[in-house]
Amino acid sequence: MTLAILTDPKAAGISAVRLQATVATLSALGRKLPGSDSAATACRFICEQLTSCGVANQILELDAFISWPVKASLAVNGTVLPANGSAFTASADKLSGRVTRSLESADLNGAFLVIDGLPRYDSCISAQKAGALGVIAISHGPQRHYVQASPLWGAPTGPADLALLPSVPAIQVSRDAAAVLAQAIASGSQITMTSEIRTEWRAAQQPVGEIEGREPGYVLLGAHYCTWGDGATDNTAGVALLIELARLLKQQPKPRYGIKFAFWTGHEQGGYAGSSWYADAFRASLYRDAIAYLNVDIVGSRGGTTKALRNTTAELVDYVRQVLDGTVGKQTQEEEDFVDRSVKRLDPYIDPRRSARNSDQSFSGIGLATAQVSAFLPAASPEHLHGSGLAWWWHTDQDTIEHMDAAVLAVDTLIYRNLVAGLIDARALPFKPAAMAGDVLAGLRVYRDAAPALDDIARLTCLAERLADALAGWAPTASDDRLLLRLGRHLNPVLYHARSAFEFDLGRASRILPGLAAALTLNRLDADATRMAGVHLRQRANRIAHGLSQAIELVEAARNGTP
């Protein structure tokens, strides 16, 4: 496939001045919490911008389950330390106790657990199970991050989901507090935690826009507009990118396929509330006509010259790589290795850049191909968030306009312009379906290593090999676009979802073929637990086998010329 890739933002009609102005306007609104006045103002502004460039738009209304910290602090030996509470954890009203770094239940009785990093779900639940009063996380720098600690993806579906939320409070303090807490641990001093968390259903709004195509089918682009603070780089810059892209594409002749622009709400504050609601509400349309989902998040960061390909499904990865290299040039091996280390997965045989459980990836269960390119700081930058390609100001009150670079954002906009242009006007969709079969085989390998005697793994391996053989002998033509979409509808849900394609999995851990995860712990179970795990695995394996069989049938029929 020959792509018309543009390499100069100005030549493409991208205005850094417009991007800067959009980010400045939205950042000035401060925190854009779902259901708040500032979020409503942001919605109106987004729609006004879309209307001004002739893009049809509307505001969707939804009920979202939202959580956010109101205030938090930590009193140690008469000194009050500022803190950030973690959303979806419990509130604490001057709760007092000792502090410890030990996870032993005897040590945690009447004590708070001190950890390094972010107060996420796993840390909170481990502390809760061990009997801790709560969690105190120490940042790796002077900044304090806003995060949430829910295992749910989107809204809860009943009391059982609500019961999964942590029942202990959790806060983060800056690295400056480390010495004070170490002294409190050594002396056995009492500390006092205050954390007010509000968790409630809220009426939220979500702007969407659309450019129609000549044929059925569309590319979905999404960027969350909700923010913890000003959110200049996370993710007001992403909103500006989408608006600028809508302006550019509306000026072009009507494309073969359409484009839909979605501005998500409840990203962290609702565990991807907006995108998961959209996936449920418009499932029939997405299943039938959506070609791909391109997520826009972490763009325009000052110093963000390393372009990180991430959250990309197998069938799209060659195309996205071609566009990325053609737009900004091939990155160095050092940059590639750095991105690989920054974008973490649990499965050792899978490219870490595959679609993961973050960044509003709510559409793999429907079977959509996905892609994302973020602006990471280079490996040598001193401004990293610890262990990440992100900047230290991520999810902090310091994510303000001076940390956004309009020139970087213009390049990021160009990357997405090229990605979209190559899809909406493609003579034939640039999908490489054989790569999906490769991911199935690579995913099965880790389960086979852990449970070599498990018949279900052998059965699935035979099917995956048959699929790989079928795909290796098939060359899709320009008339096969619909068939390629149907193939993804069979394979992506089993590649990325453990539950059915109509439900969202719990947690944020990223693993290919997650339905088989129980195979990794079979050798640690007693006899009865092994039997029950076997029932569970057989059911999940049957679901995967069904998806593989449907895909094989589809490809073999195409090769044989039968409908």
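A brief look at the structure comes next. Being a predicted model, the structure only gives us computed values, none of them experimental. (Residues numbered from 1 in each chain as written. Predicted model: local features only at pLDDT ≥ 70, side-chain atom pairs only at ≥ 80, totals over all residues. Heavy atoms only, no water.)

Across its full length, the chain holds 16 helices and 13 strands. In terms of overall size, the chain behaves like a compact globule, its C-alpha atoms giving a radius of gyration of 24 Å where 563 residues would be expected to give roughly 24 Å. A buried classification covers 59% of the 563 residues belonging to the chain. Partitioning the intrachain contacts of the chain with sequence separation of at least 6 by distance along the chain shows that 81% fall at a separation of at least 24. Roughly 21600 Å² of accessible area belongs to the chain as shown, and the carbon and sulfur atoms make up 52% of that amount. (Helix = DSSP H or I, 4+ residues; strand = E, 2+ residues; numbered from the N terminus. Rg over C-alpha atoms; globule rule 2.2 N^0.38 Å. Buried < 20%, exposed > 50% of the residue type's maximum accessible area, 1.4 Å probe, protein only. Contact = heavy atoms within 4.5 Å. Areas by Shrake-Rupley, 256 points an atom, 1.4 Å probe, with all protein chains shown as cover.)

The next thing to look at is unusual backbone geometry. A cis amide bond, omega 10 degrees, links D234 with the succeeding residue N235. Residue F88 is not a glycine yet carries a positive backbone phi of 70 degrees. Positionally, F88 belongs in the loop between β3 (84–85) and β4 (92–100). Located in the positive-phi region is L513, a residue other than glycine, with phi close to 50 degrees. Assignment of secondary structure puts L513 in the loop between α15 (481–496) and α16 (527–560).

Attention now goes to the packing of helix α13 (residues 434–450) against α15. Put simply, α13 and α15 touch, their axes get as near as 11 Å, and they point 25 degrees apart. What the angle tells us is that α13 and α15 run roughly parallel. α13 and α15 meet at a crossing whose hand is left-handed. Between α13 and α15, the contacting residues are M436, D439 and V440 on the first element and L487, G488, L491, N492, L495 and Y496 on the second. Split by residue class, the contact of α13 with α15 holds 6 nonpolar, 2 polar and 1 charged. (Axes fitted to C-alpha atoms, helices over the stretch in contact; angles between N-to-C directions. Parallel < 35°, antiparallel > 145°, perpendicular 65-115°, else oblique. Left-handed = near helix turned anticlockwise from the far one by under 90°. Nonpolar A, V, L, I, M, F, W, Y, C, P; charged D, E, K, R; others polar.)

Further remarks concern empty space enclosed by the protein. Within this structure, the stated rule accounts for 4 cavities of 30 Å³ or more. For the largest cavity, the calculated volume is near 60 Å³. Lining the largest cavity, in full, are A279, D280, R283, S362, G365, I366, H497, A501, F502, E503 and F504. A class-by-class count of the residues in the lining of the largest cavity yields 5 nonpolar, 3 polar and 3 charged. (1 Å grid on protein atoms, 1.4 Å probe; cavity = no way out; pocket = protein on both sides within 12 Å on 5 of 7 lines; lining within 4 Å. Points joined across faces, edges and corners; volume = space filled by probe spheres on them.)

By the definition in use, this model includes 26 salt bridges. Between E244 and R18 there is a salt bridge whose closest N-O contact spans 2.8 Å. Residue E244 is found in helix α7 (residues 232–250), and its partner R18 is found in helix α1 (residues 16–27); the two are separated by 226 residues along the sequence. A relative accessible area of 2% places E244 in the buried class. (Salt bridge = Lys/Arg side-chain N within 4 Å of Asp/Glu carboxyl O.)

On to the nonpolar core, then. With 103 residues, the main nonpolar core has L221 and L516 as its most contacted residues. The element that contributes the greatest number of residues to this core is α7, accounting for 11 residues. The residues contacting L221, other than those within four sequence positions of it, are L242, L245, I259, K260, F261, A262, Y293, L294, Y416 and V420. The next biggest cluster of nonpolar side chains, apart from the first, holds 19 residues, and it includes L74, A92, I138 and M193. (Core = buried A, V, L, I, M, F, W, Y, C linked by side-chain atoms within 4.5 Å.)

Moving on, we get to helix α2 (residues 37–52). Here α2 spans 23 Å end to end across 16 residues, near enough to the 22 Å set by a 1.5 Å rise per residue. Turning to α2, its buried residues number three or more, namely S38, A39, A40, A42, C43, F45, I46, C47, Q49 and L50. Buried residues along α2 sit in contact with α1, β1 (56–76), β8 (191–211), α7 and β10 (258–264). G54 sits one or two residues past α2 and shows a positive phi near 80 degrees. (Expected span 1.5 Å × (residues − 1).)

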